[in-house]
Amino acid sequence: MGQIKITIDGVVCEAEKNDTILKVARKNGIYIPTLCYLSKCEPIASCRLCVIEAENHDGLLLGCQTKVVDGLVVNTNSQRLAEERKKIMQLYCVNHPLECGVCDKSGECELQNKTLEFGVTAQKFMAKEQNREIKNWGVIQYDPSLCILCEKCVHTCNEIIGDDAIEIKVGGYKSQIGPKNSETLDCTLCGECIAVCPVGALVSTGFKYASNAWELKRVPSACAHCSSACGLYYEFKHTKTEAIGEKIYRVTNDFEFSSLCNAGRFGFDYDNTASKDQKAFEKAITALKSASYIKFNSFITNEEALILQKIKEKTGIKLVNKDAYEYKKFIEAYSSIGGKSLYSGNLDDIRNSDGIIVLGSMISAENPAVRYAVNSASKRKNAKVVYMHPIEDPLLATNVNKFVKYEPKSEEGVMAILASLFGGEGLDGESKIFFEDLDIGYVSSESSFDESEQEEIAKLFLRAKNKTLILGQDLYSHPRAENIAKLAALFEKASGFKVVIIPSQTNTLGVSMICDIDKEGEGFSVGYNEEGDFILTSFGSKQRDNALDMPALNQQEGTFVSIDKRVVPLNAAIEFKGYELNDLANAIGINKEFTIDYTKELPVSKGFKSISFDDLPNKFLNDGTEDRGYILDTKDTETSTSIEDVAELEEMNGGVVYAGSTVNGFSEATSICKQLAYEPDALYVGKGAMEKYALEENETVTIKLGSQSAKYKVAHDGKISSDIVIAASFEPNNPMFETLRDGYAFKRIEIIKG
């Protein structure tokens, strides 16, 4: 803590330089009312409820804006303040519709609470009511007659999310919220505006009139869609008056401190319905005993990963997980140079950066929380952002100072240039020799990362002190992935950047640490949410004879390892009445009563802690500190100095497809959620590709990849200029599903019209 001391309501409080009175009060558990304040945003100062009295100041001060000074004496509770706050609430209640009985916000409405708190029982102000039309914006509905113009939604959309899609349409008493620079709402529909709205002005169309807030049960958990594993609450209740079954009605979050993307907020209805099918269970046991390998992905818990590892140790079966295998090899190569088991950065490091480089990732689709962190750094820290990828990311356009469009497959050369640019030649030994021998001119030419761009980047970072390099999933499947990882570690050593290596699926980091993963398998296979000769599936067995239903991730207890290297708990919202992986393990002699009995047995040697599931915290503290689970311990690793020369670049001429995630489309789970706008057969095409192939919106084309082909509907994205087309890489019904996922993300294709 700093040396500044102030007194609030007789309590001596320590404070940091630039802290506000409100922030210090909240840290010390002292209540100051607000309606417009959000801890994660800059002070808005529109509601005026946070007024306080200070010694030697005649007027009232705003607690949210006023910075502390040593010796300041503050009073937050007096008759004068109570009268002022009551007048403010009376003004807020002028012509506010009295429809609390049917309003979706009733029972959790801040206006309702403050009206009661300050005793507003009568209204002495009046104003002529205006005609205010309700607006429907997809999953979001806006009722301007309920809006109090607090501006929380506007600031969150701009400062945190980065969509900057809404603004105050100024018109005096007619003022309201509306789309910015557009007739319709043009955004990622994350719904964070719904979360922060203190009244019922912004609501979810899917939740409207579905339930009263007080009828819902609430369970804290972690989002299962990407590796940020954001904290959330599943809110559910019975679906019929006879209480037959339960249903998730909505997802909420601790919006003061955290945010959710569209998939996190609206992608919750992927639970699996099943009963105990004894015949299918016996078939599964037989399959498990006779299989030579289990094929699975990283959309599983740490506990399930440990069960799979124990099955391998007991039976000798192979574990095949392409995602975790590639990520594990990448991290091991990175650690062999850096000497640490984990990468150095996290989301907070990104938020606090004044210099950021993104390489090998369309982060808006791969991990929205990383995009939000980059946006926060850009808006609050004036961070210089360099985005490097063959395809521009339109959602980062307002944040990016320099876009480098390198050639597909040239990432190794680009990483080598960056390491050289930021001090590689100052390293010792073999590393120094590598950079002295590096032909910058040749590599620059081959990768289309020219020397003028390099000079521009160097100038951008001249004054940057807190710098972060963000690496994405395109790199892990690259033919030269391990050398790229080593070059990233050299870059970190030479430059002082922190490094974040984004785990590509929800629990990629956890699985890669727990499981001894094999590259491939042969013979009879069991697939866990993957194709196999026998399938364990969370998405419905679909009456197949070779399948057993398993619980979805919103029906399980367990843990994930997030991008922040934090082990976070998830809880079951919906009961699963079928069999679980733990039942299969018990059947072959690996005995635990519950899956979460494995939580305290996660490998301590890899950085986990021997803590029982029920002892894991799952909350934010009053000052915004995240108290969810625990942070992994970083271990020392053996080091090497072996770096290979940059390989000759393989050209990718002709048609090229990028097999990656689409915005809010991370997995098979998101593809089945009703409120997510997912088109499984869509080929996303920018302006360059539309012209190159003479395509038209919504026309059907055939994509030929090697000996395989599949039909797609053209979806034009006018914000992308690239001539590379984008196809989702997780749609299992697509005949090219496995081919798209296999290997490097950019692939040569032929596009056939008609």
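Definitions and limits used
Residues numbered from 1 in each chain as written. Predicted model: local features only at pLDDT ≥ 70, side-chain atom pairs only at ≥ 80, totals over all residues. Heavy atoms only, no water. Pairing = 2+ DSSP bridges. Helix = DSSP H or I, 4+ residues; strand = E, 2+ residues; numbered from the N terminus. Axes fitted to C-alpha atoms, helices over the stretch in contact; angles between N-to-C directions. Buried < 20%, exposed > 50% of the residue type's maximum accessible area, 1.4 Å probe, protein only. Contact = heavy atoms within 4.5 Å. Disulfide = S-S within 2.5 Å.

**As for the sheet that holds strand S6 (residues 135–137)**
Spatially, the 3 strands line up as an open sheet ordered S6-S7-S10, and their pairing is antiparallel. A single partner strand is all that each edge strand has here, and the edge strands are S6 and strand S10 (202–204). In this sheet, neighbouring strand axes are inclined to one another by 25° on average, regardless of whether the strands run parallel or antiparallel. In terms of strand pairing, S6 meets strand S7 (residues 140–142) through 3 bridges, oriented antiparallel.

**Things to note about the environment of Tyr528**
Along the polypeptide, Tyr528 turns up in strand S21 (residues 525–528). Overall, Tyr528 belongs to the buried group, its relative accessible area being 2%. C-alpha of Tyr528 to C-alpha of Glu411: the two residues are 117 residues apart in sequence and 32 Å apart in space. Once residues lying within four places of it in the same chain are set aside, the contact partners of Tyr528 are Lys295, Phe296, Asn297, Ile300, Glu304, Leu536, Ser538, Met550, Gln556 and Leu581.

**Quick word on the state of the cysteines**
Within this structure, the stated rule accounts for 0 disulfides. The thiol of Cys93 is not disulfide-bonded; the next cysteine sulfur, from Cys100, is found 9.1 Å away. In this model Cys187 remains outside any disulfide bridge; the closest cysteine sulfur is found in Cys157, 6.1 Å from its own. Of the residues examined, Cys187 reaches a relative accessible area of 24% and is grouped as partly exposed.

**Section: unusual backbone geometry**
One non-glycine residue, Asp9, lies in positive phi territory at about 50°. With respect to the helices and strands, the residue Asp9 is situated in the loop between strand S1 (4–8) and strand S2 (11–15). You will see that Asn95, though not glycine, has its phi angle at about 60°, which is positive.

**A closer look at helix H4 (residues 152–161)**
A large share of H4 lies buried, amounting to 10 of its 10 residues. Every buried residue of H4 is accounted for by Lys152, Cys153, Val154, His155, Thr156, Cys157, Asn158, Glu159, Ile160 and Ile161. For H4, the secondary structure elements touched by its buried residues are helix H3 (110–117), strand S8 (166–169), strand S9 (176–179), helix H5 (192–196), S10 and helix H12 (368–380). A positive backbone phi angle near 95° is found at Gly162, which sits one or two residues after H4.

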